Amino acid sequence: MKIILATIFLLMRFLTIDAQKIENINNRKPGKDWENIDIQKIADDSLCTSFLIWIKAGVKHHFHASHTECIYILEGEGLMELGEGEFRVVAGDYVQIPKGTIHSVQANIPMHVLSIQTPQFIVDDRVFVSPIRRPHNE
(Lines give C-alpha, C1' and ligand atoms only; values in the text may rest on other atoms or scores of the structure.)
Protein backbone atom coordinates (compact mmCIF):
# COMPACT_ATOMS: atom_id res chain seq x y z
CA MET A 1 0.00 0.00 0.00
CA LYS A 2 2.86 2.39 0.86
CA ILE A 3 4.43 1.77 -2.56
CA ILE A 4 1.15 2.54 -4.33
CA LEU A 5 0.68 5.78 -2.35
CA ALA A 6 4.30 6.81 -2.96
CA THR A 7 3.90 6.14 -6.69
CA ILE A 8 0.68 8.18 -6.84
CA PHE A 9 2.32 11.03 -4.91
CA LEU A 10 5.34 11.08 -7.24
CA LEU A 11 3.14 10.95 -10.31
CA MET A 12 0.98 13.82 -9.03
CA ARG A 13 4.11 15.82 -8.19
CA PHE A 14 5.54 15.20 -11.66
CA LEU A 15 2.29 16.20 -13.40
CA THR A 16 1.98 19.35 -11.28
CA ILE A 17 5.52 20.48 -12.10
CA ASP A 18 4.97 19.71 -15.77
CA ALA A 19 1.75 21.76 -15.83
CA GLN A 20 3.41 24.94 -14.54
CA LYS A 21 4.44 27.46 -17.17
CA ILE A 22 6.83 30.38 -17.02
CA GLU A 23 7.18 32.56 -20.10
CA ASN A 24 8.26 36.11 -20.81
CA ILE A 25 5.23 37.31 -22.79
CA ASN A 26 7.14 40.39 -23.97
CA ASN A 27 8.95 38.07 -26.37
CA ARG A 28 5.67 37.16 -28.12
CA LYS A 29 4.81 38.99 -31.34
CA PRO A 30 1.58 39.00 -33.38
CA GLY A 31 1.37 36.82 -36.48
CA LYS A 32 2.62 38.20 -39.80
CA ASP A 33 -0.66 38.78 -41.62
CA TRP A 34 -3.07 40.00 -38.96
CA GLU A 35 -5.52 42.70 -40.00
CA ASN A 36 -7.29 43.81 -36.81
CA ILE A 37 -7.07 41.17 -34.07
CA ASP A 38 -4.47 38.50 -33.36
CA ILE A 39 -5.11 36.04 -30.52
CA GLN A 40 -2.54 33.62 -29.12
CA LYS A 41 -3.27 31.11 -26.35
CA ILE A 42 -0.44 31.15 -23.81
CA ALA A 43 -1.71 28.86 -21.03
CA ASP A 44 -4.59 26.52 -20.35
CA ASP A 45 -5.87 24.29 -17.55
CA SER A 46 -9.23 23.22 -16.14
CA LEU A 47 -9.70 26.50 -14.26
CA CYS A 48 -8.64 29.17 -16.76
CA THR A 49 -7.23 29.93 -20.19
CA SER A 50 -4.87 32.84 -20.87
CA PHE A 51 -4.49 34.68 -24.17
CA LEU A 52 -2.38 37.48 -25.56
CA ILE A 53 -4.44 39.69 -27.85
CA TRP A 54 -3.25 42.41 -30.22
CA ILE A 55 -5.92 44.88 -31.40
CA LYS A 56 -5.36 47.43 -34.20
CA ALA A 57 -8.85 48.95 -34.55
CA GLY A 58 -11.28 47.36 -32.12
CA VAL A 59 -13.35 44.46 -30.86
CA LYS A 60 -17.08 44.43 -31.64
CA HIS A 61 -19.77 44.31 -28.94
CA HIS A 62 -20.03 40.85 -27.45
CA PHE A 63 -20.43 38.96 -24.20
CA HIS A 64 -19.19 35.65 -22.85
CA ALA A 65 -21.98 33.22 -21.98
CA SER A 66 -19.97 31.10 -19.56
CA HIS A 67 -16.71 32.93 -18.81
CA THR A 68 -15.52 35.82 -16.70
CA GLU A 69 -12.79 37.70 -18.56
CA CYS A 70 -9.98 39.55 -16.81
CA ILE A 71 -7.99 41.92 -19.00
CA TYR A 72 -4.68 43.62 -18.27
CA ILE A 73 -3.64 46.22 -20.86
CA LEU A 74 0.05 45.84 -21.64
CA GLU A 75 0.30 48.52 -24.36
CA GLY A 76 -1.89 51.04 -26.17
CA GLU A 77 -5.09 52.80 -25.30
CA GLY A 78 -8.70 52.86 -26.32
CA LEU A 79 -12.33 53.50 -25.47
CA MET A 80 -14.03 50.57 -23.75
CA GLU A 81 -17.73 49.99 -23.35
CA LEU A 82 -18.61 47.73 -20.44
CA GLY A 83 -22.25 47.16 -19.60
CA GLU A 84 -23.81 50.63 -19.43
CA GLY A 85 -20.49 52.44 -18.95
CA GLU A 86 -17.92 53.86 -21.33
CA PHE A 87 -14.38 54.79 -20.29
CA ARG A 88 -10.83 55.26 -21.52
CA VAL A 89 -8.37 52.42 -20.92
CA VAL A 90 -4.57 52.71 -21.07
CA ALA A 91 -1.51 50.54 -20.51
CA GLY A 92 -1.48 49.37 -16.90
CA ASP A 93 -5.27 49.21 -16.54
CA TYR A 94 -6.99 46.04 -15.29
CA VAL A 95 -10.62 45.30 -16.20
CA GLN A 96 -12.72 42.43 -14.88
CA ILE A 97 -15.70 41.58 -17.09
CA PRO A 98 -18.31 39.32 -15.46
CA LYS A 99 -19.85 36.63 -17.67
CA GLY A 100 -22.86 37.89 -19.58
CA THR A 101 -21.67 41.54 -19.60
CA ILE A 102 -21.66 43.20 -23.02
CA HIS A 103 -18.33 44.84 -23.82
CA SER A 104 -16.27 46.21 -26.70
CA VAL A 105 -13.18 48.31 -27.29
CA GLN A 106 -12.09 50.80 -29.94
CA ALA A 107 -8.31 51.23 -30.02
CA ASN A 108 -7.00 54.80 -30.29
CA ILE A 109 -3.44 53.43 -30.16
CA PRO A 110 -3.04 49.74 -31.10
CA MET A 111 -3.47 47.61 -28.01
CA HIS A 112 -1.72 44.55 -26.61
CA VAL A 113 -3.63 42.85 -23.79
CA LEU A 114 -3.44 39.83 -21.53
CA SER A 115 -6.85 38.16 -21.32
CA ILE A 116 -7.57 35.50 -18.71
CA GLN A 117 -10.83 33.59 -19.13
CA THR A 118 -12.22 31.55 -16.27
CA PRO A 119 -13.22 28.73 -16.19
CA GLN A 120 -11.22 26.99 -18.94
CA PHE A 121 -12.03 28.26 -22.44
CA ILE A 122 -13.16 24.96 -23.98
CA VAL A 123 -15.75 26.35 -26.35
CA ASP A 124 -15.88 29.74 -28.05
CA ASP A 125 -18.63 31.48 -26.10
CA ARG A 126 -18.27 34.94 -27.66
CA VAL A 127 -21.77 36.07 -28.52
CA PHE A 128 -21.70 39.13 -30.78
CA VAL A 129 -24.53 41.63 -30.32
CA SER A 130 -25.67 45.03 -31.57
CA PRO A 131 -24.10 48.08 -29.92
CA ILE A 132 -25.73 49.40 -26.77
CA ARG A 133 -27.88 52.43 -27.54
CA ARG A 134 -27.03 55.35 -25.26
CA PRO A 135 -28.99 58.60 -25.10
CA HIS A 136 -27.04 61.59 -26.43
CA ASN A 137 -26.63 64.54 -24.08
CA GLU A 138 -27.67 67.74 -25.83
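About the cut-offs
- Residues numbered from 1 in each chain as written.
- Predicted model: local features only at pLDDT ≥ 70, side-chain atom pairs only at ≥ 80, totals over all residues.
- Heavy atoms only, no water.
- Helix = DSSP H or I, 4+ residues; strand = E, 2+ residues; numbered from the N terminus.
- Phe/Tyr/Trp six-rings, centres within 6.5 Å; stacked < 30°, edge-to-face > 60°.
- Lys NZ or Arg CZ within 6 Å of the ring centre and 35° of its normal.
- Buried < 20%, exposed > 50% of the residue type's maximum accessible area, 1.4 Å probe, protein only.
- Pairing = 2+ DSSP bridges.
- Core = buried A, V, L, I, M, F, W, Y, C linked by side-chain atoms within 4.5 Å.
- Contact = heavy atoms within 4.5 Å.

## Side note on unusual backbone geometry
Here is step 1: Following Thr-118, the chain continues into Pro-119 via a peptide bond in cis, with omega recorded as 5°.
Here is step 2: When you line up the elements, Pro-119 lands in the loop between β7 (103–118) and β8 (126–128).

## As for the packing of aromatic side chains
Here is step 1: The final tally for this structure, using the stated rule, is 1 aromatic pair.
Here is step 2: Just above the ring of Trp-34 sits the side chain of Lys-56; from NZ or CZ to the centre is 4.5 Å.

## Considerations on the pairing of strand β2 (residues 49–55)
Here is step 1: Of all 7 residues in β2, 7 are buried, a share of seventy percent or more.
Here is step 2: Burial along β2 is two-sided: the face carrying Thr-49, Phe-51, Ile-53 and Ile-55 and the face carrying Ser-50, Leu-52 and Trp-54 are both buried.
Here is step 3: Of the strand pairs in this sheet, strand β1 (residues 37–44) and β2 are connected by 7 bridges, and their pairing is antiparallel. Residue Ile-39 lies in a different strand from β2, and its bridge partner there is Ile-53.

## Re the nonpolar core
Here is step 1: Ile-55, Met-80, Val-89, Val-105 and Met-111 are the most contacted members of the largest nonpolar core, which totals 16 residues.
Here is step 2: Counting only elements with at least two residues in this core, the list comes to β2, β4 (68–82), β6 (94–97) and β7.
Here is step 3: With residues near it in sequence (within four places) discarded, Val-105 still touches Ile-55, Ala-57, Gly-58, Val-59, Leu-79, Met-80, Val-89 and Met-111.

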